[in-house]
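# Topology and contacts: notes
In case you want the letters, here they are:
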Amino acid sequence: MSTTRTAPTDETAARADLIDERLAQDTGLRGAADAFRRRVRDGDLGLLPVVVGLFVIGLVFYLQDVTYLSSSNLVNITLNAVPYGIIAVGVVLVLLLGEIDLSVGSISGLAGSITAVLVVQQGQPLVLGLLAGAGTGAVIGIAYGLIFTKIGVPSFVITLAGLLGFVGLQYVVLGDTGTINLPRTSPLAQFAREDFLSPAVSYVAVVVVVVAYALVSIIGIRRRTAAGLPAQSLTLVLGKSAIMLAGLGFLTYYLNIDRGWGFAVVFFVALVVVLDLVLRKTTWGRHLYAVGGNVEAARRSGINVNWIYISAFSLTGLLAATGGLMFLARLTSVSQASGSNDVNLTAIAAAVIGGVSLFGGRGSAYSALLGVLVLTAINSGLNRIGVDSSVRYIVTGAVLLLAVSIDAIARRARASSGRG
Amino acid sequence: MSVATHESGSPAQTTEPVLELTGIGKHFGAVQALAGVDFRVHPGEVVALVGDNGAGKSTLVKIMSGVYQADSGRMRVEGREVHVHSPSAAQSLGIATVFQDLALCDNLDVVGNLFLGSELGSNAWMDEVAMEKESWRLLRELGAKIPTVRIPVASLSGGQRQTVAIARSLVGSPKVVMLDEPTAALGVAQTAEVLNLVERLREQNLGVVLISHNMADVQAVADRIVVLRLGRNEAEFRTVDVTTEQLVAAITGASDNVVAERHARRVPPATETGEVEA
């Protein structure tokens, strides 16, 4: 540590946080359960409403149609969720800044069109097409960031302009053909439709993930204990790991009855996990939350605020474009309707339903994962019971309103209990 | 305008100023916020910057902390001329500022706020354990009563938030700490704690700039008092030489006010040393 002018610290002191007796102590499994109850009561709901929501959705549609929870339908839900989910991950980033990107749908459609034209019509290598499509999104995001930071146009307006402009550009790129079909034998289509982890690989992956989680947690406990800081108990970590192993193991077993974990699904989940680590563990992530919480404070503490905005907008563009490529892969076609309204609203709604605050600074990468599962699950259920698409829109709207209402009520509880 | 100088003989004066500004000017549109302002602070010295509303205190602080850039004048850190383009430039020069609004991120926890912009760790990866440990050390040093460093600062009281803001200014091992109205929102005991803290900063041989409206606080801890009025240097006093009445007279600019007249009648002229017309 850098300071030398200060008096030597009193290392005989008890654990650092024990100096204040007002602080409730949570030790062991029971303590963890108490802490969880207290958090929920104080309005810090976290991901709880979404998880409860998923159970309710599953139950309701199961009662309508027993095949809803079948392995094959769940595999379809996971596959269908991927393109929306990847776009929603990007939306989380701009929402954390307290900004918005309304054009993620248009960017996804444009990216899909560019890749399809290059690969299918002009016979360019697939990698080149993918890079061009994804790169377009990143460049658009950088442009948004520059316009936002240098000129000061609100992100709502910039991206509304982008929403319109890039639909037009998509029409230009597609030309007279209107629709371009990607051959089902293309590796891109295979990746999103046909490639699945073999059962053996999937079980090994589950074990590796859980062991990695447990090891990282135990190393964390040891480092914190060595530094005289409070740490979660070993029992709790082992308990969590066991629950994780059982949960993931069962899910894997159940999905493996049908096709199992799709490559695209694994890619999406890995993306969420990586982004979560980036947000929580890196200075960039910390600065993103800081800018979303109080821009002026962030600027005064020496954070390059413009860089945070530009990098976040460009990542959102990149992820929106990647989502567009996944749509191309999953649907094996791109048309003038690709990336229209439905995509935009679903991706933004997914992030919000997953618990990302529209006012910035609050939310996590997992919000995108859970939010998109909720919307895809509802969509799948409504399709199965054969309702009109009008009903689907209405239900999606109602769920969005419900989710934001829960968040608003929880925010009031947080304010009164001082959880910010 | 009369500039009173009472400054010879203070122990801090024998050293080179750690921060020195000369002839600082700044205008906002037609408003001349600062004109030809001189200011300096030595290591181990607490300099109070006082003045009425609109005197230019906050503008001067923001220039020193890199939030604004001066239109004219020069700034030197440890004798070396510097140009402070940004708050981060000021920080890297060793000038730390605790703003009146504290500039905390309510959604981040105490550790996150303390190390915001200067996170510990290797490359982009943050070392939370080191930061949390250092947070407790800093807070203990200030005798802070913070229940846990892992709650969002939104849930802390006014005094606790002030403490976090002051602790944060110490993170980068600064040479100069500027405190903008640190006691304005605090209770009696918390004010005393902050004043103790100011003295501890002085003991650590830091230059401390204290901006305050509260004459009692200023006279309790400052070594030297610089009075700004309408964007200019009005007067400068050693705290031991000055009475509250003289300070008030300098701040309000009414040297012929009733308070000053009464004071002049009571005090023999011989002790009024150094009152020089500039």
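Note that the structure is predicted; figures quoted are calculated from it, not measured. (Residues numbered from 1 in each chain as written. Chains lettered and ligands numbered in written order. Predicted model: local features only at pLDDT ≥ 70, side-chain atom pairs only at ≥ 80, totals over all residues. Heavy atoms only, no water.)

The next point concerns the overall build of chain A. Helix and strand counts for chain A come out as 16 helices and two strands. Carbon and sulfur atoms form 67% of the exposed surface of chain A, whose accessible area is close to 19,500 Å². (Helix = DSSP H or I, 4+ residues; strand = E, 2+ residues; numbered from the N terminus. Areas by Shrake-Rupley, 256 points an atom, 1.4 Å probe, with all protein chains shown as cover.)

Right, let's get into the overall build of chain B. Within chain B, the regular secondary structure consists of nine helices and 12 strands. Carbon together with sulfur atoms contributes 51% to the accessible area of chain B, which is approximately 11,500 Å² in total.

As a further point, take the interface of chain B and chain A. It is common to give the size of an interface as the accessible area lost on bringing the parts into contact. Taken together, the contact between chain B and chain A spans 45 residues of the former and 41 residues of the latter. Summing both sides of the interface, chain B and chain A together bury roughly 3,800 Å²; the carbon and sulfur share of this comes to 59%. In terms of surface lost to chain A, no three residues of chain B exceed Asn-107, Val-129 and Arg-140 of chain B, which account for 15% of the buried area on that side. Taken together, the connections running from chain B to chain A amount to four salt bridges. Measuring nitrogen to oxygen at the nearest pair gives 2.9 Å for the salt bridge that ties Glu-132 of chain B to Arg-224 of chain A. At the boundary of chain B and chain A, one finds 11 residue pairs in polar contact (both at pLDDT 80 or more). The set of elements that each furnish at least two residues to the side of chain B that touches chain A consists of helix H2 (87–92), strand S8 (125–126), helix H4 (128–141) and helix H5 (158–169) of chain B. (Contact = heavy atoms within 4.5 Å. Buried area = accessible area lost by both parts, 1.4 Å probe. Salt bridge = Lys/Arg side-chain N within 4 Å of Asp/Glu carboxyl O. Polar contact = N/O pair within 3.5 Å; in protein donor to acceptor, adjacent residues only side chain to side chain.)

This paragraph deals with the side chain of Ser-103 of chain A. Residues and elements named next belong to chain A. Structurally, Ser-103 can be placed in the loop between helix H3 (71–96) and helix H4 (104–121). Polar side-chain contacts of Ser-103 include one of 2.7 Å to the side chain of Asp-101. Apart from residues lying up to four places away in sequence, Ser-103 is in contact with Tyr-144, Thr-159, Gly-162, Leu-163 and Asn-344.

Let us now look at the packing of helix H5 (residues 126–151) of chain A against helix H6 (residues 155–174) of chain A. Residue and element names in this part refer to chain A. The contact between H5 and H6 brings their axes to 10 Å, and the two run at 145°. Viewed along their axes, H5 and H6 form a crossing whose handedness is right-handed. Across from Ile-140, Tyr-144, Ile-147 and Phe-148 in H5, the residues of H6 making contact are Ser-155, Ile-158, Thr-159, Gly-162 and Phe-166. Counted by class, the contact of H5 with H6 contains six nonpolar, three polar and no charged residues. (Axes fitted to C-alpha atoms, helices over the stretch in contact; angles between N-to-C directions. Left-handed = near helix turned anticlockwise from the far one by under 90°. Nonpolar A, V, L, I, M, F, W, Y, C, P; charged D, E, K, R; others polar.)

Residue and element names in this part refer to chain B. Relative orientation of the contacting elements H5 and helix H6 (residues 188–203) amounts to 10°, with a least axis distance of 10 Å. Put simply, H5 runs roughly parallel to H6. On the side of H5, the interface is formed by Gly-159, Gln-160, Gln-162 and Ile-166, while H6 contributes Gln-190, Val-194 and Leu-197. Each residue belonging to the contact of H5 with H6 can be placed in one class, and the counts come to three nonpolar, four polar and no charged. (Parallel < 35°, antiparallel > 145°, perpendicular 65-115°, else oblique.)

Turning to the environment of Ala-200 of chain A, a few remarks are in order. Topologically, Ala-200 of chain A is positioned in helix H8 (residues 199–226). In sequence terms Ala-200 of chain A and Asn-256 of chain A are 56 residues apart; their C-alpha atoms lie 9.9 Å from each other.

Attention now goes to a nonpolar patch on the surface. Residue and element names in this part refer to chain A. A contiguous nonpolar surface patch, about 380 Å² in accessible area, is contributed by Phe-36, Leu-48, Val-52, Val-56 and Val-60. Tallying contributions element by element places helix H2 (residues 48–64) first for the nonpolar patch, with four residues. If you trace the backbone, Phe-36 turns up in helix H1 (residues 28–41). On the accessibility criterion, Phe-36 (39% relative accessible area) is partly exposed. (Patch = residues over 30% accessible without salt bridge, like charges linked within 9 Å, V, L, I, M, F, W, Y side chains within 5 Å. Buried < 20%, exposed > 50% of the residue type's maximum accessible area, 1.4 Å probe, protein only.)

A few words now on the side chain of Asp-109 of chain B. Residue and element names in this part refer to chain B. With respect to the element layout, Asp-109 can be found in the loop between strand S6 (95–98) and helix H3 (110–114). For Asp-109, a relative accessible area of 16% gives the class buried. Beyond its immediate chain neighbours, meaning those up to four positions away, Asp-109 contacts Val-149, Arg-150, Ile-151, Pro-152 and Val-153.

Residue and element names in this part refer to chain B. The strand order S6-S9-S10-S3-S11-S12 describes an open sheet built from six strands, whose pairing is mixed. Across the chains shown, the open sheet's two edge strands, defined by having one partner strand only, are S6 and strand S12 (232–238). Ignoring which end each strand starts from, the neighbouring axes of this sheet average 20° apart. As defined by bridge partners, S6 adjoins strand S9 (residues 176–180) across four bridges and the pair is classed as parallel. Bridging across to S9, Ile-95 finds its partner in Val-176. (Pairing = 2+ DSSP bridges.)

Attention now goes to the sheet that holds strand S2 (residues 31–41) of chain B. All names here are of chain B. Judged by pairing direction, the sheet is antiparallel, and its four strands sit side by side in the order S2-S1-S4-S5 without closing on themselves. The open sheet terminates on both sides in strands that have one partner only, identified here as S2 and strand S5 (80–82). The mean inter-strand angle of the sheet, taken between neighbouring strand axes irrespective of direction, is 30°. Pairing geometry for strand S1 (residues 19–28) and S2, over seven bridges, is antiparallel. From the neighbouring strand, Leu-21 faces S2, where its bridge partner is Phe-39. Packing of helix H1 (residues 57–64) onto the sheet brings it into contact with S1, S2 and strand S4 (72–77), and relative to S1 it is tilted by some 120°.

Helix length check: H5 of chain B (12 residues) gives 17 Å between terminal C-alpha atoms against 16 Å at 1.5 Å per residue, within 8%. In terms of burial, H5 of chain B is largely enclosed, as 11 of its 12 residues are buried. By the burial criterion, the buried members of H5 of chain B are Gly-159, Gln-160, Arg-161, Gln-162, Thr-163, Val-164, Ala-165, Ile-166, Ala-167, Arg-168 and Ser-169 of chain B. For H5 of chain B, the secondary structure elements touched by its buried residues are helix H12 (295–300) of chain A together with S6, H3, H4, S9 and H6 of chain B. (Expected span 1.5 Å × (residues − 1).)

One non-glycine residue with positive phi stands out, namely Thr-332 of chain A, at about 50°. Mapped onto the secondary structure, Thr-332 of chain A falls in the loop between helix H13 (305–331) and strand S2 (333–335). The buried category is assigned to Thr-332 of chain A, whose relative accessible area is 8%. If you check the backbone angles, Leu-102 of chain B has positive phi at about 70° while not being a glycine.

In short, the description is geometric, and any link to function would need to be established separately.
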